[in-house]
Amino acid sequence: MRRKRFGLAAAICAVALGAGCAAEKTTGAAPPSAAAKKPAASTPPARHTTPAPKSSPSHAGSPEAASPAAAPPLPDGYDSSRNAKADIKAALTTAAKQHREVLVDFGADWCPDCMVLGRLFRSPQAEPVLRKDYVVVAVDVGRFDRNLDVARPYVNLMTSGIPALVVLKSDGEVRTATSDGSFANARTMSPQRVKEFLTRWAPEDGR
């Protein structure tokens, strides 16, 4: 007896980019899994090799270990346990010493566009500009219920959505803020477009 095969007729997965991570569309959004946020790193097999010559110990967490022009590390996601005001204050101090601007990135780990922007920041186009000209601070806004008092002087999250970017001079003056929502749909952005934004608002004296 021959069976006829019927193809699956419902193989459509509706994945719409939508309007980004807007403030009014966050209720009920499921946070991405940890696996989705960070690709698994492959571990090479262990090999027995001749020990390398010992170098002097470095303390990556201490400012004395880095030269004055050393690039501050880029944030890895949005940490809800951090003190955002203290982080911004410390970044302004570092920026003044190293002739940089401060880039404050308001977002949240549940937001797909925020995760995409994090990857765009590490693209070959954008990362060199960030490391040369900026101190980056990631501020977690939760589901628009956290650190709103921190964001308020800089950007209107109700119109910007997230991620929202603010560029500060080292004295705290706001140079630009994406209150127009121009970064809230980062999934549609190219690394080149992010680079152009960063280049435009880099320190005015070119240092």
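As shown above, the structure is provided for reference.
Residues numbered from 1 in each chain as written. Predicted model: local features only at pLDDT ≥ 70, side-chain atom pairs only at ≥ 80, totals over all residues. Heavy atoms only, no water.

Peer 1: Just to check I follow, could you spell out the environment of methionine 115 for this structure?
Peer 2: Residue position: methionine 115 is located in helix α3 (residues 112-121). Measuring from C-alpha to C-alpha, the distance between methionine 115 and proline 163 comes to 8.9 Å, with 48 residues separating the pair along the chain. (Helix = DSSP H or I, 4+ residues; strand = E, 2+ residues; numbered from the N terminus.)

Peer 1: Please clarify how the sheet that holds strand β2 (residues 134-140) should be interpreted in this entry.
Peer 2: By way of backbone hydrogen bonds, the strands of a sheet pair with one another, either parallel or antiparallel. Strand order in the open sheet formed by four strands is β2-β1-β3-β4, and the pairing between neighbours is mixed. Two strands close off the open sheet at either side, each with one partner strand: β2 and β4 (174-177). Averaged over neighbouring strand pairs, the angle between their axes works out to 20° when direction is ignored. Here strand β3 (residues 164-168) pairs with β4 via three bridges, running antiparallel. Looking across to β4, one finds that leucine 168 is bridged to valine 174. (Pairing = 2+ DSSP bridges. Axes fitted to C-alpha atoms, helices over the stretch in contact; angles between N-to-C directions.)

Peer 1: It is not clear to me how the nonpolar core should be interpreted in this structure. Could you clarify?
Peer 2: When a protein is soluble and globular, its nonpolar side chains tend to lie buried together. Core analysis: the biggest nonpolar cluster contains 30 residues, and Ile88, Val102, Val104, Phe106, Leu157 and Ile162 have the highest contact counts within it. Contributions of two or more residues to this core are made by α2 (84-98), β1 (101-107), α3, β2, α5 (148-151) and β3. When neighbours within four sequence positions are excluded, valine 104 is seen to be in contact with Ile88, Val137, Val139, Ala164, Leu165, Val166 and Leu168. In terms of nonpolar packing, the next biggest core, distinct from the first, is built from 21 residues, Leu120, Leu165, Phe183 and Met189 among them. (Core = buried A, V, L, I, M, F, W, Y, C linked by side-chain atoms within 4.5 Å. Buried < 20%, exposed > 50% of the residue type's maximum accessible area, 1.4 Å probe, protein only. Contact = heavy atoms within 4.5 Å.)

Peer 1: Explain the environment of leucine 117 here, please?
Peer 2: By the secondary structure assignment, leucine 117 is in helix α3. On the basis of relative accessibility, which here comes to 0%, the residue leucine 117 falls in the buried class. Distance from leucine 117 to proline 191, taken between C-alpha atoms, is 9.1 Å for residues 74 residues apart in sequence. Those residues in contact with leucine 117 that sit more than four places away from it in its chain are Asp105, Pro163, Leu165, Phe183, Ala186 and Val194.

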